[in-house]
Amino acid sequence: MNSRELLVFFVFKFNQLKTIRKMKKSISKAAFIFLIQFGLMAGISAQNPALNQSIAKIRKGEITVKAKSGSTVKVEQLKHAFWFGCAIPNSLFDGSMSEGNRQIFKEKFLENFNSAVTENAVKWGTMERKKGEPDFTVIDSILNWTEENDIPIRGHNIFWGITKFVQPWVKELPDNELQLTLKNRAETLTARYRGRFAEYDLNNEMIHGNYYEDRLGPGITKSMAEWCMTGDPEIKLYVNDYDILTGKMLPEYMKHIRLLLKQGVPVAGIGVQGHLHAETFDRAALKNALDSLAQLGLPIRITEFNIPGQRSKYYTDRKLAMTQEEEELKAKELVDYYRICFAHPAVEGIIMWGFWEGANWIPVSSLYKRDWSPTPAATAYKNLVYNEWWTKSNGKTDAKGEYSTPAFFGKYAITVDGKTKTVGLTKAAGKVEVQF
């Protein structure tokens, strides 16, 4: 980080203070030294040119337009291929959110995100509180809305073996009936929604607790997967767990995934939650975790992201409000987190676990306040995803009748002399030619 970048950082973080000298006088020497060290650390990822070089290399392809020489060409990105998503709460469709907030929620969601996950609707304990009385109403409503708006969505989750989240009536079943009930749950759910969910979390947070394995033995996870595939043969099943990106449970998670693969469990991808940091996060730990998980050769999604996270003071006291400086820090942390993940070739998406204070388990981690006013994080996020990482290009075809431009993978509108075509630029193909 050079001197100019450091100066910019301090101006950004301490814009209420006139000079660095005045700041130093206003706090202790130890605190001042810490802030300098923190500033250097926080600037690493944002100012690291290697990250931006990686993004350009792995997230971009080339669009070539062929038309009459001298034609006016306009290339406009419509959608990212990479998942920039957010959780959809039950309150959006169960009648508990006001109509005014429902409309704004939908508008802001579509402005900010291209993918989604069910926060609670698919969870067994939510949809079948009483034995034999599953309620599919909210799931149906969520899927209808996401499909209407071309939003791919994850199903979270088919099973959740943490003991406190297993319904009392399930715990009361004898082993043979428990196994039949699990089979029915897997087959019924996946058959009903065959082809409608892009992927599911099979059995949530298994390294932190696995009630079903404790009851029925180590082969139950493979059986769960097989039952799901009976209902939907094309299903994609993910593992999903927490405290991985901090490094604390990374070895255990990798060992767990390797064991599942050895057992023949069809693990399609790796889900890693992004909750377990504090007000800031460890850049090196995040990068190391992603590098380590990538060795398993499976796609990675950051499935549940909040900043600040569960180890922050805001999780302990959900009523705490942020100062302007804390809001600015949150924005910077979000940008750095996203940049590191977007620069990693194994990562295919990042999904927030809430974006509005009125429907977010850690309210201050939201992009929007309860009154829908945007936070600095909202501005920073939109600038990152829809400006810095967004392709808009225009020009004229050359003497050969060609116009080429590097472009982020995604969906595009290509206009030549007033005529428009829609095309997709995929990572698999790497390039696309559009003939006019």
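Residues numbered from 1 in each chain as written. Predicted model: local features only at pLDDT ≥ 70, side-chain atom pairs only at ≥ 80, totals over all residues. Heavy atoms only, no water.

Novice: Is there a simple way to explain the overall build of the chain in this structure?
Specialist: Along its length, the chain carries 16 helices and 17 strands. For the chain, the proportion of its 436 residues judged to be buried stands at 53%. Residue pairs at least 24 apart in sequence account for 79% of intrachain contacts in the chain once pairs closer than 6 positions are excluded. (Helix = DSSP H or I, 4+ residues; strand = E, 2+ residues; numbered from the N terminus. Buried < 20%, exposed > 50% of the residue type's maximum accessible area, 1.4 Å probe, protein only. Contact = heavy atoms within 4.5 Å.)

Novice: Please clarify how the packing of aromatic side chains should be interpreted in this entry.
Specialist: Any aromatic ring pair is given by two values, namely how distant the centres are and how the planes are angled relative to each other. Under the defined criterion, the tally for this structure stands at 35 aromatic pairs. Ring centres of Y193 and F197 lie 5.8 Å apart, and the angle between their planes is 80 degrees; on these two criteria the pair is classed as edge-to-face. Both residues of the pair, Y193 and F197, count as buried. One cation-aromatic arrangement involves R154 over Y238; the distance from NZ or CZ to the ring centre is 5.2 Å. Across from the ring centre of F281, 4.2 Å away, lies the NZ or CZ of R283, which sits over that ring. (Phe/Tyr/Trp six-rings, centres within 6.5 Å; stacked < 30°, edge-to-face > 60°. Lys NZ or Arg CZ within 6 Å of the ring centre and 35° of its normal.)

Novice: Explain the sheet that holds strand β1 (residues 60-66) to me, please; I cannot follow it from the model alone.
Specialist: Working definition: the strands of a sheet are paired by backbone hydrogen bonds and lie parallel or antiparallel to each other. Here three strands make up an open sheet; going across it, the order is β14-β1-β17 and the pairing mixed. This sheet does not close on itself; its edge strands, each paired only once, are β14 (402-408) and β17 (431-435). Looking at each pair of strands side by side, their axes are set apart by 20 degrees on average, direction ignored. Where β1 lies against β14, seven bridges are found, and the strand directions are antiparallel. Within β14, the position partnered with I63 by the bridge is T405. (Pairing = 2+ DSSP bridges. Axes fitted to C-alpha atoms, helices over the stretch in contact; angles between N-to-C directions.)

Novice: How do you make sense of the confidence of the model for the chain when you look at a structure like this?
Specialist: Close reading of the predicted structure is inappropriate where its pLDDT is low. When the pLDDT values of the chain are averaged, the result is 91; 89% of them are 70 or greater. Low pLDDT, under 50, characterises residues 1-46; the stretch is placed with 47 contacts to residues that sit more than four places away or in other chains. (pLDDT = per-residue confidence, 0-100.)

Novice: So what exactly am I meant to see when it comes to empty space enclosed by the protein here?
Specialist: Taking a probe equal in size to a water molecule and rolling it over the atoms shows the remaining empty space. With the rule as written, the count across this model stands at one cavity of 30 Å³ or more. Roughly 40 Å³ of volume is contained in the largest cavity. Forming the boundary of the largest cavity are L202, M206, T221, L237, Y238, V239, L260, V265, P266 and V267. With three residues, the single largest contributor to the lining of the largest cavity is strand β9 (residues 237-241). Along the lines of polarity and charge, the residues of the lining of the largest cavity split into nine nonpolar, one polar and no charged. (1 Å grid on protein atoms, 1.4 Å probe; cavity = no way out; pocket = protein on both sides within 12 Å on 5 of 7 lines; lining within 4 Å. Points joined across faces, edges and corners; volume = space filled by probe spheres on them. Nonpolar A, V, L, I, M, F, W, Y, C, P; charged D, E, K, R; others polar.)

Novice: Where do I start with unusual backbone geometry in this structure?
Specialist: Only a minority of non-glycine residues have a phi that is not negative, and only a minority of peptide bonds are not trans. Along the chain, H156 connects to N157 via a cis peptide bond; the corresponding omega equals -5 degrees. In this fold, N157 is placed in the loop between β5 (153-155) and β6 (159-160). I307 connects to P308 through a cis peptide bond whose omega is 0 degrees. Turning to its location among the elements, P308 is positioned in the loop between β11 (300-305) and α14 (313-316). Even without glycine at this site, D243 takes up a positive phi of about 65 degrees. Take D243: it is sitting in the loop between β9 and α12 (250-263).

Novice: What's the story with the side chain of R59 in this structure? I'm lost.
Specialist: Looking at where R59 falls in the secondary structure, it is placed in the loop between α4 (49-58) and β1. At 7.1 Å, E348 is the nearest oppositely charged side chain to R59, a buried residue that forms no salt bridge. Of note is the side chain of R59, whose polar atom sits 2.7 Å from the backbone oxygen of H344. Among residues more than four places away in sequence, those in contact with R59 are S54, F82, C341, F342, H344, P345, V347, A407, F408, F409 and K427. (Lys, Arg positive; Asp, Glu negative; His and termini not counted. Salt bridge = Lys/Arg side-chain N within 4 Å of Asp/Glu carboxyl O. Polar contact = N/O pair within 3.5 Å; in protein donor to acceptor, adjacent residues only side chain to side chain.)

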